[in-house]
Amino acid sequence: KVLFPAEVLPIVTVLSNMVHFFLGLPIVVIFLVYYQRTPEFLDILWFPVVVLVQFVFTVGLALLVSALTVHFRDFKDILGNIMTFWFFATPIIYPMKMAVDAGHKFWLDINPMTHLAVSYQEILFHPGAFGHAKWLLALGAASVVLFFAGYFVFDRLRDSFAEEV
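The notes below deal with the structure included here.

Procedures and definitions
- Residues numbered from 1 in each chain as written.
- Predicted model: local features only at pLDDT ≥ 70, side-chain atom pairs only at ≥ 80, totals over all residues.
- Heavy atoms only, no water.
- Patch = residues over 30% accessible without salt bridge, like charges linked within 9 Å, V, L, I, M, F, W, Y side chains within 5 Å.
- Areas by Shrake-Rupley, 256 points an atom, 1.4 Å probe, with all protein chains shown as cover.
- Salt bridge = Lys/Arg side-chain N within 4 Å of Asp/Glu carboxyl O.
- Helix = DSSP H or I, 4+ residues; strand = E, 2+ residues; numbered from the N terminus.
- Buried < 20%, exposed > 50% of the residue type's maximum accessible area, 1.4 Å probe, protein only.
- Phe/Tyr/Trp six-rings, centres within 6.5 Å; stacked < 30°, edge-to-face > 60°.
- Axes fitted to C-alpha atoms, helices over the stretch in contact; angles between N-to-C directions.
- Left-handed = near helix turned anticlockwise from the far one by under 90°.
- Contact = heavy atoms within 4.5 Å.
- Nonpolar A, V, L, I, M, F, W, Y, C, P; charged D, E, K, R; others polar.
- 1 Å grid on protein atoms, 1.4 Å probe; cavity = no way out; pocket = protein on both sides within 12 Å on 5 of 7 lines; lining within 4 Å.
- Points joined across faces, edges and corners; volume = space filled by probe spheres on them.

### Concerning a nonpolar patch on the surface
Moving on, step 1. A cluster of nonpolar side chains, namely F4, V8, L9 and V12, defines an oily patch on the protein surface of about 360 Å² accessible area.
Moving on, step 2. As for its position among the elements, V12 is in helix α1 (residues 8-34).

### Quick look at the pattern of salt bridges
Any two side chains of opposite charge can pair, on the condition that their charged atoms come close.
Moving on, step 1. Counted according to the given criterion, the structure contains 3 salt bridges.
Moving on, step 2. In this structure, the salt-bridge partner of R158 is E7, at a minimum N-O distance of 2.5 Å. Pair noted here: R158 is in the loop between α6 (133-157) and α7 (161-164) and E7 is in the segment before α1, with a separation of 151 residues, a long-range link.
Moving on, step 3. With relative accessibility at 17%, the residue E7 sits in the buried group.
Moving on, step 4. When salt bridges with common partners are traced through the structure, they connect E7, D155 and R158 into a single cluster.

### A look at the packing of aromatic side chains
Aromatic ring pairs are described here by two measures, namely the spacing of the ring centres and the angle between the planes.
Moving on, step 1. As enumerated under the stated definition, the model contains 10 aromatic pairs in all.
Moving on, step 2. In this structure an aromatic cluster arises from ring pairing among F21, F22, F47 and Y120.

### Details of the environment of K97
Moving on, step 1. Within the secondary structure, K97 sits in the loop between α3 (75-88) and α4 (102-110).
Moving on, step 2. Look at K97 and you get exposed, because its relative accessible area is 74%.
Moving on, step 3. Taking C-alpha positions, K97 is 16 Å from L116, a pair spaced 19 residues apart along the chain.

### Side note on the packing of α1 against helix α2 (residues 41-71)
Moving on, step 1. Taken N-terminus to C-terminus, the directions of α1 and α2 make an angle of 145 degrees; their axes are 9 Å apart at the nearest point. Our pair here, α1 against α2, has a crossing hand that is right-handed. The residues of α2 that touch α1, namely those facing P10, I11, V14, L15, M18, F21, F22 and L25, are F47, V51, Q54, F55, T58, V59, A62, L63 and S66.
Moving on, step 2. In the contact of α1 with α2, the residues fall into 14 nonpolar, 3 polar and no charged.

### Some words on the layout of surface pockets
Moving on, step 1. If you add up the space inside the largest pocket, you get close to 1,100 Å³.
Moving on, step 2. Looking at the largest pocket, it is lined by 34 residues, and the ones nearest its centre are Q54, T58, M83, M113 and L116.
Moving on, step 3. Elements represented by at least two residues in the lining of the largest pocket include exactly α1, α2, α3 and α5 (112-125).
Moving on, step 4. The biggest single contributor to the lining of the largest pocket is α1, with 9 residues.
Moving on, step 5. In this structure, the second largest pocket is lined by 13 residues; those nearest its centre are P95, M96, K97, Q121 and H126.
Moving on, step 6. The dominant element in the lining of the second largest pocket, judged by the number of residues it contributes, is α5, at 3 residues.

Structural data, given as structure tokens:
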């Protein structure tokens, strides 16, 4: 019966996972030092931008998905399958260069996680090769739109959360 801002829950989930992300970064740095890979200074300046774009994108998606999951219970189960497909549809464990034909490249280009993964790869593992800035900035703009759309849907459905749960 306590008045509680419901949007705190998805935001806290994203923030707690971001803490795990930051706790994993020293391990990456240790491997970069071991393999003598030193990111360039200008590339490192892009790192906070990539993290910010990822945060805004993830919070927007979390607000949207959490609001929809309350009303559509099966969405949680479907989302697990979607996330597995999304992982393999993102160039994380394979290089983006594998998409040689236009059809595959198109699908990778419309996948927002592609641009985050490639940005991290270019910054950390390919010194001086960060050329993904325009895609990252476009994703940043789309992330802001997703954030406001997610918040709009969350705010519209907020009053019915207690009834549905």
